[in-house]
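Structural overview
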Amino acid sequence: MFVSFFYLLRQRGLDVSLNEWLSLLEGMEKGLHRSSLTGFYHLCRALLVKSEADYDRFDQAFLEFFKDVPYQGELPPELLDWLNHPSEDLGRTLEELKALGFPDEKLEELLKMLEERLKEQKEEHNGGNYWVGTQGRSVFGNGGWHPNSIRVGGTSQRRAAMLVAGERKFRDFRKDNTLDTRQFQMAFRLLRQLSIQVESNEKVLDVDGTIRDTCDNAGTLKIRYQNPRKNAVKVLLLIDSGGSMEYYADLCSMLFQAATKSNHFKELHTFYFHNCPYSEVYRHPGLRWDSSVPTEWILQNFDSSYKVIIVGDAAMNPYELRETRYDWSRGEYGPSGLEWLTRIQKHFPYLIWLNPETMPKRQDYWSQTHWQLGHLFHMYDLSAEGLELGMKRLMVRR
Amino acid sequence: MNATFTGTSQYVASDELMGAVNIAITLQKPLLIKGEPGTGKTMLAQAVADALSKQLIIWNVKSTTKAQDGLYVYDVVQRLYDSQFGTHGVDDIAHYIKLGKLGEAFQSENQVVLLIDEIDKADLEFPNDLLWELDQMEFYIPETKETVRAKQRPIVIITSNAEKELPDAFLRRCVFHYIEFPDQAQMAEIVRVHFGDLDGKLVSQALAAFYWVRQLRDLEKKPSTSELVDWLRALVAGGVEPERIQKEIPFAGVLLKKDKDLRTLQKNLR
C-alpha cells in the first residue's frame, strides 16, 4: 500500500527520492503524523514536496490515492493500522529492493512497467501534453533510482527528460515549471578564462605582492594592489529560427536566457538564421529584413578569439545546404549554405554546434544534412550534459 | 528532543506551519521556508527561538556571501599587523580564526536556532557548498587542523524568496514549507497580536479595504502583512474615521510602493 503511494507520486511527476521516503518513514516512526490522515498529509507534503508549484500536483495525487477514505468519519481500521505501523510495509519492500541489488535488467523492467502505467494514465486523464511532459520526467527519474539511494546525477536525468520531451512538445514543459535554466547556467560557468583587467578602476589586494614587499620593507606592512582578474570570454551565439526549429523554440529561449543571465561573459552577441547562415543573418528571431546583418560583416568584425555556439537542428532539404543561392541584391549566384558554414568554421577556431535533436542512427533523406553537418562540426546535444561537454570543447582550440 | 513549537503571543502560525517546524525539529533537518514577501518568514525564526527559549543566530545572506564566510574567517591582515608590534599570541593561529555564524551555532553549548536568511540571494553554488556542513554539522579548519563539530545540533531555518532555483541535492535534505498568504480571519488574529486593543470597526474596515486592494488586477507589488501593519498604525495615528477607509483608502502610499500601482488604485477608486 505504502509503496504504491510512492509510485503514484513519482508517476504524477513529483521527483521523490528514496532518501526523502526514508525520512518520511522516520517521521512516521516518531509519530509526527499524529496518527491522523491530515497529519500524514502534512508530514508527506513537508518532506516530499520541495516547491509550492508542486503542491497542487501533490494534492491531486494524494486525493487520488486516498479518495475512498471518508474524511469526516472515523478512519478505517486498516488505514489506521497502516498509519501506525508503516515500517513493516515499507521496510519489507526496501529489503526486497536491496536484496535484488537492482541489476540493470531490473531497471529495464521497472522502466517497462512504468511505461505501461503511463499509458494507462494517459487514457484516464487525457491531460494531453501536460501529463506527457511530467511522465517523461518520472520515467527516467525512476531509472536513476537506486536502493543505495545514490541517484544518477541530476544532469543525465534532466537530459533524458529533455529527450523524452523532445518527442513531444517543449512549450508545455515550461508552463509546467519543471525545467529550469539553472543547469544551463552552471554549464556556461565552465566557459571562463580569467585575465588581468588593465582598464578596470577597482583594485584588489595582491597578497603575494604585499607579503614580498613587507619582507623587503623589514617587516613594516606595505600593501600592494593589483588589477582584478575577470572573465575574458567573448561569445557569439547563432540560433536557427523558424521552420522545424519552432518545435524547440522554448528550449532555445531557455538557452538564450541562461546565456544572458550568466553575465560573466565579456561580450555576448546573438544572431539568428534559418536553416543555414547564408549571406545574411538577423538580429531578431523574426528574421525580418530590417534586422539583417551581412554574414560577411560578422566575419570581418568578430575576430577569431570569439567562441561561437551554433544552435540548430541541421534538418533541411539537402538543396538548401548544398546548392548555390541566387543573390537578388547582387544579381549573381552566391555561395551555398555549406560554403558559408565552412567559412564560419575556418574563421572561428572555437566553434561548437548544439543540436536539439540527437544524431540519427541511420542516414535517410531528411536526416542527411544533419548527418553531414554532424561530421563536419563538433556537434553536441542541446541538453545540460551536451552543453557541458560543448563548453569544455570551446575552451580548447579545435 | 521533546520541544514542540506552538506559536507565540507575538507570532501567529498556522497549524501547517507549526507542523512543519516540529517535523524539522524532530527529524533534525533544515526547514526551508518560502512565501510571498512580508508573510513573516524571517519572523518565524525569532518566534521559534522565543517559544523554545533558545538563542537565535541570524546569518544574513547577500549576493557576495560565500559559504566559507559562515564557517570561519582567517584574519591574516590582523596577524600581519600584530607581528610587527610583537604583541603576544602571534604564534597562535587559532587566535586569528574568527568563526562565522554557522561556526558560532556549532560552538554554542546550548542548542540554538540558526536562521539562514534569504539563501537565494547568494551565488548559484552557495547552497551546494553547505551540504556537508548542514548534513554532518561539522567542518574542518586546515589552518589549525581542528574540526568544529556541533555540540548541539542547531535548529536550522532557511528562508528563500525564490529569486534563484535551489539545487536538487540541497532541497532533498530540507523540510519544505510554503507560507500562504493569510486569509481574512487569520489576518484579524495577526492584527490582534500586533495591536491588541484596536477598534473592531476600524480593523474590519481596514481589512476589507486591504483585501480589496490585494485583489486588484495589474498590481505589480501586492501589499503584504507588514505593510498592513504599518498602514493600520498610520490610520490610528491619523485618527481616520472607519467609514472613510474603504471609500478613500487614506495613506495609500504606505500600502503601495510603486507609482504605477498607486495610479491603478486611483483609477479603481473612482
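The structure displayed is predicted, hence computed values, not measured ones. (Residues numbered from 1 in each chain as written. Chains lettered and ligands numbered in written order. Predicted model: local features only at pLDDT ≥ 70, side-chain atom pairs only at ≥ 80, totals over all residues.)

Examining the overall build of chain A
- The secondary structure content of chain A amounts to 18 helices and 13 strands.
- Within chain A, contacts between residues at least 6 apart in sequence are counted, and of these 71% link residues at least 24 apart. (Helix = DSSP H or I, 4+ residues; strand = E, 2+ residues; numbered from the N terminus. Contact = placed C-beta atoms within 7 Å.)

With respect to the overall build of chain B
- Helix and strand content of chain B: 14 helices and 9 strands.
- A buried classification covers 32% of the 270 residues belonging to chain B.
- A sequence separation of at least 24 residues applies to 75% of the contacts in chain B between residues at least 6 apart. (Buried ≥ 20, exposed ≤ 12 C-beta atoms within 10 Å, placed from the backbone.)

Description of the nonpolar core
- Core analysis: the biggest nonpolar cluster contains 66 residues, and L31, V48, L114, I157 and V175 of chain B have the highest contact counts within it.
- When residues of this core are assigned to their parent elements, the largest contribution, 7 residues, is made by helix 1 (residues 15-27) of chain B.
- If we ignore the near neighbours within four places in the chain, the residues touching L31 of chain B are A20, V21, A24, V156, I157, I158, C174, V175 and H177 of chain B.
- Formed by 51 residues, the second largest nonpolar core is a distinct cluster that contains M254, V281, A315 and L341 of chain A. (Core = buried A, V, L, I, M, F, W, Y, C linked by C-beta atoms within 7 Å.)

A word on the pairing of strand 5 (residues 234-240) of chain A
All names here are of chain A.
- Judged by how many residues are buried, strand 5 sits mostly within the fold: 6 of 7 residues are covered.
- Sheet analysis places strand 5 next to strand 6 (residues 267-273), joined by 7 bridges and oriented parallel. Bridge assignment links L238 to a residue of strand 6, and that residue is F271.
- Here 5 bridges tie strand 5 to strand 9 (residues 307-311), and the two strands are oriented parallel to one another. The residue of strand 9 that forms the bridge with L236 is V308. (Pairing = 2+ DSSP bridges.)

Considerations on the confidence of the model for chain A
All names here are of chain A.
- On average, residues of chain A score 69 in pLDDT, and 66% of them are at 70 or above.
- Averaged over each element, pLDDT in chain A is lowest for helix 9 (residues 154-167) (29) and highest for strand 9 (90).
- A low-confidence stretch, residues 100-108 (pLDDT under 50), is modelled with 6 contacts involving residues beyond four sequence positions or located in other chains. (pLDDT = per-residue confidence, 0-100.)

Some points on the interface of chain A and chain B
- Between chain A and chain B, the residue contacts involve 25 residues of the former and 21 residues of the latter.
- For the side of chain A that touches chain B, the elements supplying multiple residues, two or more each, are helix 2 (18-29), helix 3 (37-48) and helix 11 (182-189) of chain A.
- In terms of residues, the side of chain A that touches chain B owes the most to one element, helix 2 of chain A, which gives 5 residues.
- Here the side of chain A that touches chain B is built from residues that sort into 8 nonpolar, 10 polar and 7 charged. (Nonpolar A, V, L, I, M, F, W, Y, C, P; charged D, E, K, R; others polar.)

A few points about unusual backbone geometry
All names here are of chain B.
- At Q28, a position not held by glycine, the phi torsion is positive, near 55 degrees.
- By the C-beta count within 10 Å, which is 13 here, Q28 ends up partly exposed.
- The phi angle at I249 is positive, at roughly 50 degrees, despite the residue not being glycine.
- Residue position: I249 is located in the loop between helix 12 (242-248) and helix 13 (252-255).
- Here I249 falls in the buried class, since 21 other C-beta atoms lie within 10 Å of it.

Looking at the packing of helix 9 (residues 184-195) of chain B against helix 10 (residues 200-215) of chain B
Residue and element names in this part refer to chain B.
- At a minimum axis distance of 11 Å, the contact between helix 9 and helix 10 shows a crossing angle of 130 degrees. Relative to helix 10, helix 9 is oriented oblique. The element helix 9 and its partner helix 10 pack so that their crossing is right-handed. On helix 10, the residues that touch Q184, M187, A188 and V191 of helix 9 are V203, L207 and Y211.
- Residue classes in the contact of helix 9 with helix 10 are distributed as 6 nonpolar, 1 polar and no charged. (Axes fitted to C-alpha atoms, helices over the stretch in contact; angles between N-to-C directions. Parallel < 35°, antiparallel > 145°, perpendicular 65-115°, else oblique. Left-handed = near helix turned anticlockwise from the far one by under 90°.)

Some details on the packing of helix 11 of chain A against helix 18 (residues 384-395) of chain A
All names here are of chain A.
- Closest axis-to-axis distance for the helix 11/helix 18 pair is 8 Å, and the angle between their directions is 10 degrees. One element, helix 11, and the other, helix 18, form an angle in the roughly parallel class. Contacts between helix 11 and helix 18 involve Q183, F184, A187 and F188 from the first element and A384, L387, E388 and M391 from the second.
- Along the lines of polarity and charge, the residues of the contact of helix 11 with helix 18 split into 6 nonpolar, 1 polar and 1 charged.

Concerning the environment of E133 of chain B
Residues and elements named next belong to chain B.
- Along the chain, E133 turns up in helix 7 (residues 131-136).
- A C-alpha to C-alpha distance of 9.7 Å links E133 and G103, two positions 30 residues apart in sequence.
- E133 has contacts with L71, L102 and F139, leaving out every residue within four places of it along the chain.

Some remarks on the pairing of strand 9 (residues 175-179) of chain B
All names here are of chain B.
- By the criterion of burial, strand 9 is predominantly enclosed, with 5 of the 5 residues buried.
- Bridge count for strand 1 (residues 31-35) against strand 9 is 5 bridges, and the pairing is parallel. Each residue of the ladder has a partner; that of I33, found in strand 9, is H177.

A closer look at helix 10 of chain B
- Compared with an ideal rise of 1.5 Å per residue, which puts 16 residues at 22 Å, helix 10 of chain B spans 23 Å between its outermost C-alpha atoms and is within 8% of the ideal.
- Looking at the buried positions of helix 10 of chain B, the neighbouring elements they touch are helix 11 (225-238), helix 12, helix 13 and helix 14 (259-269) of chain B. (Expected span 1.5 Å × (residues − 1).)

Focus: the sheet that holds strand 9 of chain B
Residue and element names in this part refer to chain B.
- Spatially, the 5 strands line up as an open sheet ordered 2-5-8-1-9, and their pairing is parallel. Each edge of the open sheet carries a strand with a single partner, namely strand 2 (55-60) and strand 9. Strand-to-strand twist of the sheet, defined as the mean angle between neighbouring strand axes without regard to direction, takes the value 20 degrees.
- For strand 1 and strand 8 (residues 155-160), the ladder comprises 4 bridges, and the chain directions are parallel. In the sheet register, I33 faces strand 8, and the bridge partner there is T159.

Description of the environment of R214 of chain B
Residue and element names in this part refer to chain B.
- Mapped onto the fold, R214 is located in helix 10.
- Once the C-alpha coordinates of R214 and S224 are considered, the two residues, 10 residues apart in sequence, prove to be 8.5 Å apart.
- Those residues in contact with R214, other than ones at most four positions away along the chain, are K222 and P223.

A few points about helix 16 (residues 337-347) of chain A
Residues and elements named next belong to chain A.
- Buried within helix 16 we find G337, W340, L341 and I344. Looking straight down helix 16, one finds its buried side chains confined to an arc of 100 degrees; they lie on one side.
- Close packing links the buried residues of helix 16 with helix 14 (295-301) and helix 15 (318-322). (Arc of directions from axis to C-beta.)

Some points on the confidence of the model for chain B
- Averaged over all residues, the pLDDT of chain B is 84; the fraction at 70 or higher stands at 97%.
- Predicted as a complex, the structure gets a pTM of 0.57 and an ipTM equal to 0.78.

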